[in-house]
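Examining the three-dimensional arrangement
Listed below are the residues making up each chain.
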Amino acid sequence: MKVLICEEARPLLEEYHDDELPVSDQIAVRAHLEWCDDCAAIFADLGLMRGFVRATSPGHGVLDHEDR
């Protein structure tokens, strides 16, 4: 398995979030996120931002915590 440092993992976070990475890269990013709190926080923020954009787009309502 490939081991990533932050500088390698961060550019892959958007593709990882969208399930667009090859399986080997998905595994490497997931492993990195398990031990790197900084990159895990960036990844969590990415998910929140994308959820907010989707929820506030025309025709979509904001979801309650239970609906996510």
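Relevant structure appears above.
We now turn to the structure provided with this report. Values in this document were obtained by computation on a predicted structure and should not be read as measured data.

Thoughts on the pattern of salt bridges
Applying the stated criterion to the full structure yields one salt bridge. For the salt bridge of lysine 2 with aspartate 25, the shortest nitrogen-to-oxygen distance reads 2.5 Å. In this pair, lysine 2 sits in the segment before helix H1 (6–9) while aspartate 25 sits in helix H3 (residues 23–35), placing the two residues 23 residues apart along the sequence.

Considering the nonpolar core
Grouped together as the largest cluster of nonpolar side chains are 13 residues, with contacts concentrated most on Leu4, Tyr16, Val29 and Leu33. Ranked by residue count, the leading element in this core is H3, at three residues.

Remarks on a nonpolar patch on the surface
The grouping of Met1, Val23 and Ile27 at the surface amounts to a nonpolar patch, some 350 Å² of accessible area in total. Its place among the elements puts methionine 1 in the segment before H1.

Regarding the state of the cysteines
Evaluated as defined, the whole model comprises zero disulfides. Cysteine 6 provides the cysteine sulfur closest to cysteine 36, a residue in no disulfide bond, and the two sulfurs are 3.5 Å apart. A relative accessible area of 6% means that cysteine 36 is categorised as buried. The cysteine cysteine 39 is free of any disulfide, with cysteine 36 supplying the nearest cysteine sulfur at 3.7 Å. With a relative accessible area of 0%, cysteine 39 lands in the buried category.

About the thresholds
- Residues numbered from 1 in each chain as written.
- Predicted model: local features only at pLDDT ≥ 70, side-chain atom pairs only at ≥ 80, totals over all residues.
- Heavy atoms only, no water.
- Salt bridge = Lys/Arg side-chain N within 4 Å of Asp/Glu carboxyl O.
- Helix = DSSP H or I, 4+ residues; strand = E, 2+ residues; numbered from the N terminus.
- Core = buried A, V, L, I, M, F, W, Y, C linked by side-chain atoms within 4.5 Å.
- Buried < 20%, exposed > 50% of the residue type's maximum accessible area, 1.4 Å probe, protein only.
- Patch = residues over 30% accessible without salt bridge, like charges linked within 9 Å, V, L, I, M, F, W, Y side chains within 5 Å.
- Areas by Shrake-Rupley, 256 points an atom, 1.4 Å probe, with all protein chains shown as cover.
- Disulfide = S-S within 2.5 Å.

Distances and angles like these do not, on their own, reveal function.
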